[in-house]
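An overview of the molecular structure
Spelled out from the first residue to the last, the chains are:
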Amino acid sequence: MTTIIIASTHKYCYIWNPFFDLLKKFWPDHPEVYFMSDGSPEYLADKYQIRVFNVHKDLGFLETYEYLLDFVKTPTVILLQEDFLIERPVNKELINFLIETFKTHKDIGYIRCTPCPGPKGNAIQYPKVMLGLFHPQQDYLFSFQATIWRVSFLSQLLQAYQHRSTILNIEKDLTQLLSRTSHKLLGIIRTDNSPDGVFQSPIPYRPTAIIKGQIQPWAIELIKKHQIN
């Protein structure tokens, strides 16, 4: 169906178990996970039944994505991060609808699951799901928030971007590249502008549990609530 890709680093190894415990709790039959990090992530493979790629040093998000895409056998991938702590049951039915939409509409480049930010363009009714169109002049056409990408489209985007710098510049630079694409960039429409509006995503989490290297108080309470070690 699809593959989940996660790029991490040993600096955030303390969040690995909580992330995967919550993933297992709220999405027990999730797609195959490809997880890549430096440090010592090998134990995650048997514990959570995922595919682990260990590297000697942190390659960065884009380099990790490029590397892992060579191993992906599915036509789409879901990009997640280790600090996207899922808090509610995943809407598997909606995820399946989104995957089917890729199959029947070859002009779709990505569908952003987490409306942060959400699309500001026209709404488009697809079979079983209505999605918003990202306007070419909208900020953050590229975002690290949970997104389903067509593998061929993502690969072409990464190959076209040669300059690698800070995350902020990556988002701006790739947004500029995406503003010129002929593919449709779609997303879940956010109708609730309160902080809880992010839970309209089929993968319900708060962006993000770690900010500037610090785990947020709400994330600590979430981990305690679910008795995660």
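Described below are features of the structure shown in this document.

Conventions and cut-offs
- Residues numbered from 1 in each chain as written.
- Predicted model: local features only at pLDDT ≥ 70, side-chain atom pairs only at ≥ 80, totals over all residues.
- Heavy atoms only, no water.
- Helix = DSSP H or I, 4+ residues; strand = E, 2+ residues; numbered from the N terminus.
- Contact = heavy atoms within 4.5 Å.
- Pairing = 2+ DSSP bridges.
- Axes fitted to C-alpha atoms, helices over the stretch in contact; angles between N-to-C directions.
- Salt bridge = Lys/Arg side-chain N within 4 Å of Asp/Glu carboxyl O.
- Buried < 20%, exposed > 50% of the residue type's maximum accessible area, 1.4 Å probe, protein only.

Notes on the environment of Cys 116
Its location among the elements puts Cys 116 in the loop between β5 (108-112) and β6 (123-126). Between the alpha carbons of Cys 116 and Phe 144 there is a distance of 9.8 Å; along the sequence they are 28 residues apart. Beyond its immediate sequence surroundings of up to four residues, Cys 116 is in contact with Ser 143, Gln 145, Arg 190, Val 198 and Pro 207.

Focus on the sheet that holds strand β9 (residues 184-187)
With mixed pairing, the nine strands of this open sheet are ordered in space as β3-β2-β1-β4-β8-β5-β9-β7-β6. Two strands bound the open sheet, and with one partner strand each, they are β3 (51-54) and β6. On average, each strand axis in the sheet is tilted by 25° relative to the strand beside it, whichever way the strands run. Against the sheet, helix α1 (residues 16-26) engages β1 (3-7), β2 (32-37) and β4 (76-80), with an angle of about 175° to β2. Along the sheet face, helix α5 (residues 151-160) touches β4, β5, β8 (147-150) and β9 and points at about 85° away from the line of β8.

Observations concerning the pattern of salt bridges
Applying the stated criterion to the full structure yields five salt bridges. For the salt bridge of Arg 206 with Glu 87, the shortest nitrogen-to-oxygen distance reads 2.6 Å. Remark: Glu 87 occurs in the loop between β4 and α4 (92-104) and Arg 206 occurs in the loop between β9 and β10 (210-211); sequence separation between them is 119 residues. Since its relative accessible area comes to 15%, Glu 87 is described here as buried. For Asp 107, the salt bridge is made with Lys 184, and the minimal N-O distance between the two is 2.7 Å. Of the two residues, Asp 107 is situated in the loop between α4 and β5 and Lys 184 in strand β9; the sequence distance between them amounts to 77 residues.

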